[in-house]
Amino acid sequence: MNFSDLDEKTENISQEIFNLIEKLYPICRSITGEGVRQTLKIIEREIPLKKYEIATGTQVFDWKIPKEWNVKDAYIKNLAGEKIVDFKKSNLHLVNYSIPIKKRIQFNELKEHLFSIPEQPQVIPYVTSYYSENWGFCLEHEKLLQMKDEEYEIVIESKIDNGSLTYGEYYIPGKSEDEIIFSAYVCHPSMCNDNLSGTAIITALAKYLKKFELNYSLRFLFIPETIGAITWLFLNQKNVHKIKHGLVLTCIGDSGNFSYKKSRIGDSEIDNTVEEILKKTENKFDLLDFYPWGSDERQYCSPGFNLPVGTLMRSVPTKYKEYHTSSDNLEFMNKKSLQKSFEMCFSIISELEKNFDEKKESSKSKLNKKNGEYYVNLNPMCEPHLGKYGLYNKFGALTKIDTMKTAIFWILSLTDGTNSVEDIAKKSNLELDIIKKTIKILEKEKLVRFYEKV
Ligand code: ZN
């Protein structure tokens, strides 16, 4: 398969990708609700989708499908009756999953529910509160400093009710049942790089690749981040052995160089293939070893699945200043980058196709014979719902991953019976003492247990 077989100039494809981002940008999305459905409807104008609705309350591994969230309106009015914060002007103004509320409120109380970024006074941050009942508004810090009234009127017309989680899937059968999956998430409100760029690029890939007759079957997933990946893996656990390669696409439309985060396996064919292509085609790129936080690779690469799924990005999430703010907008997108990202994915598939018959020895991790203390993760299929154990901070999106959280993620990722406590400390680059302390906490919560090696 070659670019020349595409029957379409790649410049036109990058324009199509950009147009789709533009259409999806205004929608208020979340992990459930009408925003996801509207998004899938627009994607369906490009490719046929099979859509799924999974009911609230359905148990998926350690998680439950949450209630569905929808919003009509939300604002803050000052004493003069002016709307000073208005959801209709930017859906980022409302903390995602805010409960309904309508009241007059003293500024002192209100300010506990206001979020801004003092270092970037002109942008609106993106904040979520998915699994703890709360409400809040996000605004420009300079606007917050201008709030001088003693009392304000706040209105949040939202609904949190039984409903469902929605996701979409498109499957292109190849000659073989062996699959390559492409995963993007459709749960972020008005932001472009994170992750309309990923969504639009996999849509274009699906649209243009269906014309080819390939050895591999291709599967494109449009799911809400984390809970969507967990749900998909739960419902498809019998078939995941068909997944031979996979890519999560996130933050892939900005002007930054490519970054590739390897799968947890580290030297799977997808890892080697992407590395080779990057070396051949790019002057500058970042190659990152797997770390147990980030996007949906966390679930695909959880120790119980350990799938060969890498993450293709440009600027790495959390590491660029537009991340999770209103400045991750249409102007932040670079059409040339979108085009090259599309071409990169195309080359990766084309290389995997070329090597289809060459069955490579997969590198199975060998059982560690060293002495030492071992623990096993009792929830190895996807990550456990840490929030319900009271280990998480309440507001997910703004919190920096602190040492404790980092230790938890590493321990849960590495307690597969092959890494001793010392190995975990070494691989995570954290102090042994912190690892030991954190293990004790996880053991108490029955998330890991001591493992007697024989
Ligand atoms: Zn994000």
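Everything numeric here is computed off the predicted structure, so don't read it as measured data.

**Details of the overall build of the chain**
Alright, step 1. Scanning the chain from terminus to terminus reveals twelve helices and 19 strands.
Alright, step 2. Taken against the 2.2 N^0.38 rule, which gives 22 Å for 454 residues, the C-alpha radius of gyration of the chain at 23 Å falls within 12% of a compact globule.
Alright, step 3. Seen along its three principal axes, the alpha-carbon backbone of the chain occupies a region of about 70 × 60 × 40 Å.
Alright, step 4. The proportion of buried residues among the 454 residues of the chain is 60%.
Alright, step 5. Roughly 20300 Å² of accessible area belongs to the chain as shown, and the carbon and sulfur atoms make up 48% of that amount.
Alright, step 6. In the chain, 63 side chains carry a positive charge and 65 a negative one; their mean positions are 2 Å apart.

**A word on the sheet that holds strand E5 (residues 83-86)**
Alright, step 1. The four strands are arranged E5-E4-E9-E6 in an open sheet whose pairing can be described as antiparallel. Strands with a single pairing partner mark the edges of an open sheet, and in this sheet they are E5 and strand E6 (101-106). Between one strand and the next, the sheet's axes are offset by a mean angle of 20°, whatever the strand orientation.
Alright, step 2. When E6 meets strand E9 (residues 151-161), the two strands line up antiparallel, connected through six bridges. Bridge pairing in E9 places Lys-103 opposite Ile-154.

**Regarding helix H11 (residues 421-428)**
Alright, step 1. Among all positions in H11, only Val-421, Asp-423, Ile-424, Ala-425 and Ser-428 are buried.
Alright, step 2. Contacts made by the buried residues of H11 are with strand E17 (374-377), helix H10 (403-414), strand E18 (416-420) and helix H12 (432-444).
Alright, step 3. Two residues or fewer past H11, Asn-429 is found with a positive phi of approximately 65°.

**So, the coordination of the zinc ion**
Alright, step 1. Here the zinc ion is held by His-188 (NE2), Asp-194 (OD) and His-324 (NE2), and the distances to it run 2.1 Å.
Alright, step 2. Written as a sequence motif, the donor arrangement for the zinc ion is H-x5-D-x129-H. Here His-324 lies in the loop between strand E16 (309-313) and helix H9 (335-354) and Asp-194 lies in helix H5 (residues 192-209), a separation of 130 residues in the sequence.
Alright, step 3. On the basis of relative accessible area, His-324 is assigned to the buried category, the value being 9%.

**Side note on H10**
Alright, step 1. In this model H10 runs 16 Å from its N-terminal to its C-terminal C-alpha over twelve residues, within 8% of the 16 Å that 1.5 Å per residue would give.
Alright, step 2. Counting buried residues along H10, ten of its twelve residues qualify, which places the element largely inside the surrounding structure.
Alright, step 3. Of the residues making up H10, those classed as buried are Lys-405, Thr-406, Ala-407, Ile-408, Phe-409, Trp-410, Ile-411, Leu-412, Ser-413 and Leu-414.
Alright, step 4. Close packing links the buried residues of H10 with E17, E18, H11, H12 and strand E19 (448-451).

**Topic: the nonpolar core**
Alright, step 1. In this structure, Ile-17, Ile-21, Leu-205, Phe-220, Phe-222, Leu-312 and Ile-348 are the most contacted members of the largest nonpolar core, which totals 62 residues.
Alright, step 2. The leading source of residues in this core is H5, at ten residues.
Alright, step 3. If sequence neighbours within four positions are ignored, Phe-222 has contacts with Leu-40, Ile-43, Ile-47, Leu-49, Tyr-167, Gly-168, Ala-184, Val-186, Thr-199, Ile-202 and Thr-203.

**What to know about the state of the cysteines**
Alright, step 1. This model, assessed by the stated rule, comprises zero disulfides.
Alright, step 2. This cysteine, Cys-382, is not joined by any disulfide, and Cys-301 carries the nearest cysteine sulfur, 11 Å off.

**What to know about the confidence of the model for the chain**
Alright, step 1. Across the chain, pLDDT averages 93, with 95% of residues at or above 70.
Alright, step 2. Note that pLDDT drops below 50 for residues 394-400; the model gives that stretch 18 contacts with residues more than four away or on any other chain.

**Looking at the packing of H5 against H9**
Alright, step 1. For the pair H5 and H9, interaxial distance at closest approach is 10 Å and the crossing angle is 50°. With respect to H9, the element H5 is oriented oblique. Two packed elements cross with a definite hand, and for H5 against H9 that hand is right-handed. For the pair H5 and H9, the contacting residues are Ser-197, Ile-201, Ala-204, Leu-205, Tyr-208 and Leu-209 in the first and Leu-338, Ser-341, Phe-342, Cys-345, Phe-346 and Ile-349 in the second.

**Some details on the pairing of E18**
Alright, step 1. Of all five residues that make up E18, four are buried, and the element is covered over most of its length.
Alright, step 2. Bridging between E17 and E18 involves two bridges; their strand directions are antiparallel. When the sheet's bridge partners are listed, Val-376 is paired in E18 with Asp-416.

**What to know about the sheet that holds E17**
Alright, step 1. The strand order across the open sheet formed by three strands is E18-E17-E19, and the pairing between neighbours is antiparallel. Edge strands, defined here as strands with exactly one partner in the open sheet, are E18 and E19. Averaged over neighbouring strand pairs, the angle between their axes works out to 35° when direction is ignored.

**Structural notes on the side chain of Arg-314**
Alright, step 1. Relative to the assigned elements, Arg-314 resides in the loop between E16 and H9.
Alright, step 2. Put simply, Arg-314 is tucked away with no salt bridge, and the nearest opposite charge, on Asp-254, sits 5.7 Å away.
Alright, step 3. Beyond its immediate stretch of four places on either side in the chain, Arg-314 contacts Thr-250, Cys-251, Ile-252, Gly-253, Asp-254, Gly-256, Asn-257, Phe-258, Ser-259, Ser-337, Lys-340 and Ser-341.

About the cut-offs
Residues numbered from 1 in each chain as written. Predicted model: local features only at pLDDT ≥ 70, side-chain atom pairs only at ≥ 80, totals over all residues. Heavy atoms only, no water. Helix = DSSP H or I, 4+ residues; strand = E, 2+ residues; numbered from the N terminus. Rg over C-alpha atoms; globule rule 2.2 N^0.38 Å. Buried < 20%, exposed > 50% of the residue type's maximum accessible area, 1.4 Å probe, protein only. Areas by Shrake-Rupley, 256 points an atom, 1.4 Å probe, with all protein chains shown as cover. Lys, Arg positive; Asp, Glu negative; His and termini not counted. Charge placed at Lys NZ, Arg CZ, Asp CG, Glu CD. Pairing = 2+ DSSP bridges. Axes fitted to C-alpha atoms, helices over the stretch in contact; angles between N-to-C directions. Contact = heavy atoms within 4.5 Å. Donors = N, O, S within 2.8 Å, 3.2 Å for Na, K, Ca; no water. Expected span 1.5 Å × (residues − 1). Core = buried A, V, L, I, M, F, W, Y, C linked by side-chain atoms within 4.5 Å. Disulfide = S-S within 2.5 Å. pLDDT = per-residue confidence, 0-100. Parallel < 35°, antiparallel > 145°, perpendicular 65-115°, else oblique. Left-handed = near helix turned anticlockwise from the far one by under 90°. Salt bridge = Lys/Arg side-chain N within 4 Å of Asp/Glu carboxyl O.

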